[in-house]
Amino acid sequence: MTAMEADEVLRISDRYYILATSARIDDRTRVLKHGDLFAVFDRFGDVENAGSGGPGIYGLYERDTRHLSRLRLRLADGRPLLLSSAIKDDNALLTVDLMNPDIAADGPAIPRGTVHVFRALCLWNGACHERLRVHNYSTEPITLALVLEFGADFADIFEVRGIDRERRGRCLPCELSADAVRFAYEGLDGRLRRTRIAFDPAPARLDEKQAHFELRLPPRSEQTFRFSIACESPPSGPASTTLQPAAWYEKAAADASAALAQAREEEPEIRTSNEQFNNWIDRSLADLHMMRTETPYGPYPYAGVPWFSTPFGRDGIVTALQSLWMNPALARGVLRYLAATQAEEENEEQDAQPGKILHEARGGEMAGSGEVPFGRYYGSVDATPLFVMLAGAYFRRTGDAALIRELRPAIDRALRWIDDYGDPDGDGFIEYERRSARGLVQQGWKDSQDSVFHADGTLAEGPIALCEVQGMVYAAWRAAARLAVLVGDGERAVGLAARAEQLRSRFERSFWCERIGTYALALDGRKRPCEVSTSNAGQCLYTGIASPRRAARVAATLLDTPGYSGWGIRTVAASEARYNPMSYHNGSVWPHDNSLIAAGFARYGLRAEALRVMNGMFDASHFFELHRLPELFCGFARRPGEAPVQYPVSCSPQAWAAGSALLFLQSVLNLRVNGEESQVLFSDPALPEYLQAVSIRGLRIRDASLDVVAVRQDGGTAIDVTRKEGNVEVRVTK
């Protein structure tokens, strides 16, 4: 996904990195999401950006546009006092408990704690719905003003991230009725965006900035208010004049909870002997459901809130791979969406070439008007081989030959891209060099401008061949070989498998660095290895390109003190010239990266190493609110009795951070689901000391279903099948 400079300073030549002026997303914020809509509230349930020290991130957003930039609840002339604030376990609701401060009124004063205010908010079908209850606990009647202040700035997400614009669109006159207000904005992309706020009951006074209610509450009584904030942004042309009123809170909340419950019923239930581990798994699953957005092609996991709540190719594929063992429906949606958006022609502005898989898609004004090149942008070198990898992994998991036949043209185009464009100099390695003057300089997953460098800290010059990308191409060719057999093309299968082995041999000769005990980060444009110890090498184990005799060396290097912080494996080892624990990609810790590395360790039989990585991440999850691992955190060494150091503008929730818990569990159990042959395979499973048992109920394999329990006993882990329906075989090997 689009990245940050190590020092978070915007550079003229790389305009699209996140600025540090934006408000931090941390445990002071409350996030909701449904579909293309997401909201960032403060703990009071308000949206307040004044005094944030920058543009401020709070608001209600749809398709990269902030439709609500201000929402403040006031009792009399002051802010209520906060009692508590929480997101429901399934991420469907935000609830906030407030009470009044001491209020000096024209009549009798209202002592602190007399009035309880309960706010409940949810997102559903393009609108934010709120129910607000005000309860008088006094034995006397009270009269009180309740005011809701609001505003809509229609800022593009790139503006919120800190980019200054020379021009903006125009705000249209506000429309007022007795019970609603509507803001409108005509963007430079020609689209009309509107925000409609409706009230029930109608306020006593309503203008363009606030709704004013007069409360007269008898003793021990309450009054309820409902607000609905709808985002109206048709794809093109004028907005509809026959907009239907949004459902009020009760129906929206019920529908949202029912939809989440139904989605969970389609997945296996995971329960363990450790309640904290259960909380981690449950939060991860809830976040994956929240980040899922229905598209015409099926569900797609948007990358992360707030900066990346949109489709990203790499992120969607990795998230689908992480969760594939338990629910392949997400992978199906990702594959179909990316096939439909695959590049068809060369376009330098978009870094697009025929067959290339999408990097990101944006729907905001700045993308639509061409101010940023990310309407559809293809500046990822790895998304295309990852697409083929996912197709192969999906077929192994499901045996769904029909989808593979549907995707065959897209898979063939992706393979042709690797051949025709991925290796322009013909040296046998896939490399990148941006073509768009406004695109990303670095086009691997570490896409910060300074993420590829030599041992002395000098930035590498392109074209760049990243080590993990060679592994992805190796895995893609192997997957494509298996799929070629499916469609009866045995000759092609043999050729693809041979190419994979040839790449593996070249990779070992060119990338192994004995001096640092691991694979080089990359080869630069002059084919010189970047002899830097990074987490990239760990992902070479995930794809299987690493030789077995060197896999253990890579693991030892990554888990040595410079590479391992105590919480996780750093993106760059502390011994390297550009190491900075506070950087985005040069020393921080990313949960998804660690999950892929742990899966790679398990692939090579490195059980203790995989457990160590999972243990660090599980420990870290205790210190983040809701047990929610963020996109990344700082790479400082673990200090006794202290929490991991948070990264200031990390996305949270974030899809592949949420998917990490599922891949960690799969890795330590060494669990594979083979839908082609209706098998569930456990290879030398291992559980950590804090997990006595893990139960997986309702695991589906084609038309079959089963329940299994993994139990630690006699120094090992036993697998017990407690229920089996349909044709499925369970095998446990050492």
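Relevant structure appears above.
A short tour of the structure in this document, coming up. Keep in mind that this is a model prediction, so the values were computed, not measured.

**Thoughts on the overall build of the protein chain**
Stage number 1. Tallying secondary structure elements over the protein chain gives 15 helices and 31 strands in all.
Stage number 2. Radius of gyration (C-alpha) of the protein chain: 27 Å, near the 27 Å computed for a compact globule of 734 residues.
Stage number 3. Based on the C-alpha atoms only, the size of the protein chain along its principal axes is roughly 85 × 60 × 50 Å.
Stage number 4. A total of 734 residues make up the protein chain; the buried ones form 63% of that total.
Stage number 5. Long-range pairs, those at least 24 residues apart, make up 67% of the contacts in the protein chain between residues at least 6 apart in sequence.
Stage number 6. Counting only carbon and sulfur atoms, one obtains 47% of the accessible surface of the protein chain, whose full area is about 26600 Å².

**Some details on the pairing of strand β3 (residues 59–62)**
Stage number 1. Side chains Gly59 and Tyr61 of β3 all project onto a buried face; the interleaved residues Leu60 and Glu62 project onto the opposite face, where all are buried too.
Stage number 2. Relative to β3, strand β2 (residues 37–42) is paired through four bridges, and the arrangement is antiparallel. Considered in β3, the bridge of Phe38 is made with Tyr61.

**Quick look at the sheet that holds strand β27 (residues 679–683)**
Stage number 1. Overall, mixed pairing links the three strands, which are arranged β26-β27-β31 in an open sheet. Here the strands that pair on one side only, and so sit at the sheet edges, are β26 (671–674) and β31 (729–733). Direction aside, neighbouring strands of the sheet carry axes that sit 15° apart on average.

**Topic: the pattern of salt bridges**
Stage number 1. Tallying each qualifying case throughout the model produces 55 salt bridges.
Stage number 2. Arg79 is the salt-bridge partner of Asp42, the closest N and O atoms lying 2.6 Å from each other. Highlighted residues: Asp42 in strand β2 and Arg79 in the loop between β5 (70–75) and β6 (81–87), separated in sequence by 37 residues.
Stage number 3. Residue Asp524 pairs with Arg528 through a salt bridge whose shortest N-O separation is 2.9 Å.
Stage number 4. Residue Arg528 is classed as partly exposed on the basis of its relative accessible area of 38%.
Stage number 5. Taken together, the shared-partner salt bridges in this structure form one network comprising Asp42, Asp46, Arg79, Arg119 and Glu130.

**Quick word on the side chain of Ser138**
Stage number 1. Mapped onto the elements of the fold, Ser138 is located in the loop between β9 (127–136) and β10 (142–151).
Stage number 2. A relative accessible area of 17% places Ser138 in the buried class.
Stage number 3. Here Glu140 takes part through its backbone nitrogen, which lies 2.9 Å from a polar atom of the side chain of Ser138.
Stage number 4. With residues near it in sequence (within four places) discarded, Ser138 still touches Thr114, Pro219 and Arg220.

**Focus on the sheet that holds β2**
Stage number 1. Spatial ordering of the open sheet is given by β1-β2-β3-β4, a layout of four strands whose pairing is antiparallel. A single partner strand is all that each edge strand has here, and the edge strands are β1 (29–34) and β4 (65–68). Neighbour-to-neighbour, the strand axes of this sheet turn through a mean angle of 25°, independent of strand direction.
Stage number 2. Bridge count between β1 and β2: six bridges; the pairing is antiparallel. For Arg30, the partnering residue across the bridge sits in β2 and is Phe41.

**Let's talk about the nonpolar core**
Stage number 1. By size, the foremost hydrophobic cluster in this structure holds 220 residues, and its most contacted members are Phe387 and Phe601.
Stage number 2. Considering every element that reaches this core, the biggest residue donor is helix α9 (residues 467–486), with twelve residues.
Stage number 3. Ala92, Tyr249, Ala253 and Leu260 belong to the second-largest nonpolar core, a separate cluster that totals eleven residues.

**Focus on helix α13 (residues 591–603)**
Stage number 1. If you check α13, its first and last C-alpha atoms are 18 Å apart, about what 13 residues at 1.5 Å a residue would give, namely 18 Å.
Stage number 2. Listed in full, the buried residues belonging to α13 are Pro591, His592, Asp593, Asn594, Ser595, Leu596, Ile597, Ala598, Ala599, Gly600, Phe601 and Ala602.
Stage number 3. As for α13, its buried residues are in contact with α4 (313–323), α11 (536–543), α12 (548–559), α14 (607–621) and α15 (655–669).
Stage number 4. Just beyond α13, the residue with positive phi is Gly605, at close to 75°.

**A word on α4**
Stage number 1. Judged by how many residues are buried, α4 sits mostly within the fold: eleven of eleven residues are covered.
Stage number 2. Within α4, burial applies to Gly313, Arg314, Asp315, Gly316, Ile317, Val318, Thr319, Ala320, Leu321, Gln322 and Ser323.

**Focus: the packing of aromatic side chains**
Stage number 1. All told, the structure shown has 29 aromatic pairs when counted by the stated rule.
Stage number 2. Clustering of aromatic rings is evident, with ring pairs tying together Phe150, Phe183, Phe199, Phe213, Phe225 and Phe227.
Stage number 3. The ring of Phe44 has Arg79 lying over it, and the distance from NZ or CZ to the ring centre is 3.7 Å.
Stage number 4. Positioned above the aromatic ring of Trp567 is the side chain of Arg638, whose terminal nitrogen or guanidinium carbon lies 3.9 Å from the ring centre.

**Some remarks on the environment of Gly316**
Stage number 1. Tracing the backbone shows Gly316 in helix α4.
Stage number 2. Distance from Gly316 to Tyr300, taken between C-alpha atoms, is 6.7 Å for residues 16 residues apart in sequence.
Stage number 3. Apart from residues no more than four positions distant in its own chain, Gly316 is found in contact with Tyr300, Pro301 and Val334.

**Comments concerning the state of the cysteines**
In a disulfide, the sulfur atoms of two cysteines are covalently bonded to one another.
Stage number 1. Under the defined criterion, the tally for this structure stands at zero disulfides.
Stage number 2. Free cysteine Cys122: the closest other cysteine sulfur is in Cys128, separated by 7.2 Å.
Stage number 3. When its relative accessible area of 0% is taken as the criterion, Cys122 is described as buried.
Stage number 4. The thiol sulfur of Cys651 is not disulfide-bonded, and the nearest other cysteine sulfur, from Cys634, lies at 15 Å.
Stage number 5. The exposure class assigned to Cys651 is buried, which follows from its relative accessible area of 0%.

**Details of the packing of α11 against α12**
Stage number 1. Here α11 crosses α12 at 145°, and the two axes come no closer than 10 Å. When the axes of α11 and α12 are compared, the crossing they make is left-handed. Within the contact between the two elements, α11 uses Ala537, Gly538 and Leu541 and α12 uses Ala551, Val554 and Leu558.
Stage number 2. Considering only residue class, the contact of α11 with α12 consists of five nonpolar, one polar and no charged.

Conventions and cut-offs
- In every chain, residue numbers begin from 1 and rise along the written sequence.
- Confidence filtering applies because this is a predicted model: local features only for residues at pLDDT of at least 70, side-chain atom pairs given and counted only at 80 or more, and all residues used for totals across whole chains, interfaces and linings.
- To obtain the side-chain values, all non-hydrogen atoms of the structure were used and water was disregarded.
- Helix numbering and strand numbering both begin at the N terminus, where a helix is a DSSP run of H or I of at least 4 residues and a strand a DSSP run of E of at least 2.
- Two things to know: the radius of gyration comes from C-alpha atoms, and the globule rule equals 2.2 Å times the number of residues to the power 0.38.
- Exposed residues in this analysis have more than 50% of their type's maximum accessible area, buried residues have under 20%, and partly exposed residues fall in between, with area computed by a 1.4 Å probe over protein chains only.
- Two residues form a contact once any of their heavy atoms are found within 4.5 Å.
- Here the Shrake-Rupley method, with its probe set to 1.4 Å, supplies the accessible areas, and only the displayed protein chains count as covering residues.
- A strand pair is defined by DSSP finding two or more bridges across the two strands.
- Axis lines are fitted through C-alpha atoms, for helices just across the contact stretch, and the angle between N-to-C directions can take any value from 0 to 180 degrees.
- We count a salt bridge whenever a side-chain nitrogen from Lys or Arg sits within 4 Å of a carboxyl oxygen from Asp or Glu.
- Counting of polar contacts relies on pairs of N or O atoms within 3.5 Å, with two restrictions inside protein: one atom must be capable of donating a hydrogen and the other of accepting it, and residues adjacent in sequence are counted only when both atoms are side-chain atoms.
- Residue types Ala, Val, Leu, Ile, Met, Phe, Trp, Tyr and Cys, when buried and joined through side-chain atoms within 4.5 Å, form a set referred to as a nonpolar core.
- The span one expects for a helix is its residue count, reduced by one, times 1.5 Å.
- Only centres within 6.5 Å qualify two rings of Phe, Tyr or Trp (six-membered ring in Trp) as a pair; their planes then separate them into stacked at under 30 degrees, edge-to-face at over 60, and tilted for everything else.
- For a Lys NZ or an Arg CZ to count as sitting over a ring, it must be within 6 Å of the ring centre and within 35 degrees of the ring normal.
- In this description, the term disulfide denotes a pair of cysteine sulfurs within 2.5 Å.
- In this scheme, a crossing is called left-handed if the near helix is turned counterclockwise away from the far one by less than a right angle; it is called right-handed if the turn is clockwise.
- Gly falls in the polar group here, along with every residue not listed as nonpolar (Ala, Val, Leu, Ile, Met, Phe, Trp, Tyr, Cys, Pro) or charged (Asp, Glu, Lys, Arg).

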